[in-house]
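Take a look at the letters that make up each chain.
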Amino acid sequence: MTALHWLSIAEASQAFAARALSPVELLSSLLERIGRLDPRLHAFIRLDADAAMEAARAVEKEIAAGRKRGPLHGVPIGVKDIIDVAGLPTTCHSKILLDNMAKQDAVVIGRLRQAGAIIIGKLSTHEFAIGGPSFDLPFPPARNPWNPDHHPGGSSSGSGAGVCAGLFPGALGSDTGGSVRNPASACGIVGLKPTYGLVSRRGVFPLSFTLDHVGPLTRSVADVGLMLDAMAGYDGADVGSAASASSARPFGHMLDRGVRGLRVGFVRHFHESDMPADAAVATALEEAARVLQTEGADVRNVTLPSLNEFAAVNRVILCSESWSIHARWLRDRPGDYGQLARRRLLPGAFMGAGAYVGAQRRRLQMIAAVEDALRDVDVLLCASSMDPASRIEDAEETQRTYSRQARTPFNVTGHPALAMMSGLASNGLPLSVQFVGRYFDEAMLLRVAAVYEHATEWHKRRPPIG
Amino acid sequence: MDQQLVAALARAAGLEKALAEFPEDVAAAAAQALNNAGAIQVPEDPAVEPWPPMRAGTGL
C-alpha cells in the first residue's frame with residue numbers, strides 16, 4: 001500500500017469513502033511527518049495543528065454518517081501566507097505584517113472549506129510574493145526537498161516544498177510572474193495558474209492587480225483538477241472575476257481521452273534563442289514533444305513575441321501596480337522590508353505613467369498574438385524554468401537563473417498554464433515543462449498534461465527525504 | 001544613471017528615508033525601471049488601446 005503521506009487527493013478520498021482510512025488517521029500521519037521534516041524544509045510559517053485536528057474529527061463524523069461532500073472532504077491543504085485564513089495572521093512572510101490578523105477567510109478558502117478540505121496551516125512565501133529567497137526576514141526561506149541546499153522555487157515556496165515532501169497532498173499558491181509554476185518546476189510537482197478571473201482573489205494580499213492569479217499545487221494532474229473544481233467560481237466582489245466563465249466541469253472530465261488528433265504548438269524560440277536553456281531542460285522539452293507525438297498529437301512550431309519583451313511588459317506592469325500598494329510602507333518603513341523585496345518593489349517609484357500605459361498597450365497585442373496561436377492549436381508546449389534550481393545560499397546564481405523562465409508571458413495574457421516535472425538533471429534536481437491552454441479551457445490543458453504524465457511516469461519519482 | 005537625478009526623483013516620490021538608509025537599493029531600482037521600460041516595443045498605432053479596456057455596465 002502507498003505510504004499515507006504519498007497518497008494523492010484522489011487516493012485519500014477513495015480510501016475515506018471505502019472506510020479504509022479516516023481523515024484523523026491521515027492528518028495524524030502528516031503531522032508526525034511535518035514534525036520530523038519541516039525543521040529542515042521550513043515549508044510552514046504557522047502550523048495550525050489543533051484546528052486542523054478538530055476539523056478532521058468533525059469531518060470524520062460526517063463521512064461516517066454517509067455525508068461525504070466530495071473528493072476534498074477530509075483532505076489537508078496548505079495555504080500560502082498571503083491568503084487570509086480567519087483567525088490566523090496573514091504575514092506575507094514580512095515584518096511589515098507580522099500582526100495582520102485575518103478576520104475572515106479569503107473566498108477561495110471558504111470554497112475549499114465548503115468542499116470539506118482541512119486547512120493545515122500557513123506556508124512560506126517570498127516576502128509579499130516577490131522578495132526571496134531571503135535570509136533577512138522574520139521566518140527562514142523554504143528549502144527544496146530534493147536537496148535542501150537548493151531553493152524550492154517561489155514565491156509559493158512553502159506550497160511547493162510541502163507538497164513535494166509529502167507534508168500535505170495539495171496547497172494553494174499565487175502566481176503573478178510564475179509563482180505557482182516556479183515551485184512546481186523546482187520541486188517536480190504539478191502547479192496550475194488558472195485563467196485570469198476563474199478563481200477569486202478576494203482575501204489574497206495583492207501584488208499586481210492585473211497579473212495576480214490563485215492556483216493549486218499537487219502531485220498529480222488529476223488532483224489539480226479536483227482542487228480547481230472546488231476553487232473556481234464567480235465572485236461578484238472581485239472586480240477581476242470572470243462572470244461568463246464557460247469552463248466545463250469537472251475540470252478533469254477529459255483526463256482519459258488521450259491526445260490523438262489534438263494539435264500542440266511548440267514554442268521553441270523561448271528556450272532555443274530568446275533565453276537559451278540548460279541542455280538537460282532543452283532535451284526534456286524535445287522529449288515531451290516526442291511523447292505527445294507518439295501518443296497521436298500533431299506537434300508543430302509556433303512563434304510568439306519574444307520572451308524578453310514579455311518579461312519586460314510583466315515587470316513594468318508588476319512594478320507599477322505593486323508601487324501603488326507598497327508606496328506608503330516603502331516611504332515610512334523601508335528598513336522593515338528584506339533587501340530583495342525592497343529592491344524589487346522600489347522600481348515602481350521610477351516608472352512614469354507613460355511606461356505603464358505603454359506596457360498595457362503592448363500587452364493587448366501580446367494577448368492577440370497568443371490568441372492567434374491558439375486558434376490553430378489546442379494547447380501550447382514550452383519551457384517553464386530554463387535551469388534546475390540553484391543553491392539557495394548562492395545569491396549570485398539565484399539572481400542569474402531566477403529570471404530565466406517562460407512563465408510570465410501567461411500572466412501578461414491571462415491564459416491558463418500548467419508546469420510539471422519532465423525529468424531529473426544530473427545533480428538530481430527536477431526539470432520541467434509547461435502547457436498553456438485557451439481561456440477557460442482548463443479541461444483541455446489537464447487532458448494533455450495527463451497524457452504526458454502517464455506516458456512518462458515522472459510523477460512517481462519522490463525526493464530522497466524522510 | 002545620474003545620481004543627482006535619481007536622488008531628485010526619489011525625493012519627489014517621497015523616498016527620502018529609503019534614499020538615506022538604502023541608497024544602493026534606490027539606485028538599483030531606478031536603473032531597473034529605466035531598463036525595463038526601454039525593452040518594450042510600444043505600439044506606434046495611436047488607436048491601440050491598453051488592456052484591460054474600459055467596459056461600462058459590467059462587474060460591480
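Residues numbered from 1 in each chain as written. Chains lettered and ligands numbered in written order. Predicted model: local features only at pLDDT ≥ 70, side-chain atom pairs only at ≥ 80, totals over all residues.

**Q** Sorry, what's going on with unusual backbone geometry here?
**A** Note on backbone geometry: most residues besides glycine have negative phi, and most peptide bonds are trans. At the junction of Gly154 of chain A and Ser155 of chain A, the peptide bond is cis and its omega measures out at 15° in the coordinates. As for its position among the elements, Ser155 of chain A is in the loop between strand E3 (118-123) and helix H5 (157-164). For the bond running from Trp51 of chain B to Pro52 of chain B, omega is -5°, close enough to zero to count as cis. Residues other than glycine seldom take positive phi values, yet Arg19 of chain A does so here, at roughly 60°. Position of Arg19 of chain A among the secondary structure elements: in the loop between helix H1 (9-17) and helix H2 (23-41). By C-beta crowding, Arg19 of chain A is classed as exposed, having 9 other C-beta atoms within 10 Å. Of note, His42 of chain A is a non-glycine position whose phi angle comes to about 55°, a positive value. One can find His42 of chain A in the loop between H2 and strand E1 (44-47). For His42 of chain A, a count of 20 C-beta atoms within 10 Å corresponds to the buried category. (Helix = DSSP H or I, 4+ residues; strand = E, 2+ residues; numbered from the N terminus. Buried ≥ 20, exposed ≤ 12 C-beta atoms within 10 Å, placed from the backbone.)

**Q** When you look at the interface of chain B and chain A in this model, what are you seeing that I'm missing?
**A** A common measure of how large an interface is: the accessible area buried when the components associate. Of the residues lining the interface, 30 residues belong to chain B; the matching set on chain A comes to 32 residues. Mapped by element, the contributors of at least two residues to the side of chain B that touches chain A are helix H1 (3-12), helix H2 (16-21) and helix H3 (23-38) of chain B. At 9 residues, H3 of chain B tops the list of elements feeding residues into the side of chain B that touches chain A. A breakdown of the residues in the side of chain B that touches chain A according to their chemical character gives 21 nonpolar, 5 polar and 4 charged. (Contact = placed C-beta atoms within 7 Å. Nonpolar A, V, L, I, M, F, W, Y, C, P; charged D, E, K, R; others polar.)

**Q** Can you help me understand helix H7 (residues 221-231) of chain A in this one?
**A** Because an α-helix completes one turn every 3.6 residues, residues spaced three or four positions apart along the sequence face the same direction. All names here are of chain A. Counted residue by residue, H7 has 11 buried out of 11 residues, so it is predominantly covered. Val221, Ala222, Asp223, Val224, Gly225, Leu226, Met227, Leu228, Asp229, Ala230 and Met231 are the residues of H7 that are buried. In this structure, the buried side of H7 is in contact with H1, helix H4 (107-114), strand E4 (170-175), strand E5 (190-193), strand E6 (213-218) and helix H15 (442-456). Among the residues trailing H7, Gly233 stands out with phi positive, at a value near 155°.

**Q** What am I meant to see in the sheet that holds E1 of chain A here?
**A** Strand-to-strand pairing in sheets goes through backbone hydrogen bonds, with the strands running parallel or antiparallel. Residues and elements named next belong to chain A. The mixed open sheet is built from 11 strands, whose spatial order is E1-E3-E2-E4-E6-E5-E10-E11-E9-E7-E8. Across the chains shown, the open sheet's two edge strands, defined by having one partner strand only, are E1 and strand E8 (298-301). With direction set aside, neighbouring strand axes in the sheet form an average angle of 30°. Relative to E6, E4 runs antiparallel, the two being bridged by 6 bridges. Bridge assignment links Ala171 to a residue of E6, and that residue is Leu217. Its contacts with the sheet place helix H3 (residues 49-64) against E1, strand E2 (76-80) and E3, and it is angled at close to 160° to E3. Relative to the sheet, helix H9 (residues 279-294) contacts strand E7 (263-266), E8, strand E9 (379-382), strand E10 (417-424) and strand E11 (430-436), its axis offset from that of E11 by approximately 50°. (Pairing = 2+ DSSP bridges. Axes fitted to C-alpha atoms, helices over the stretch in contact; angles between N-to-C directions.)

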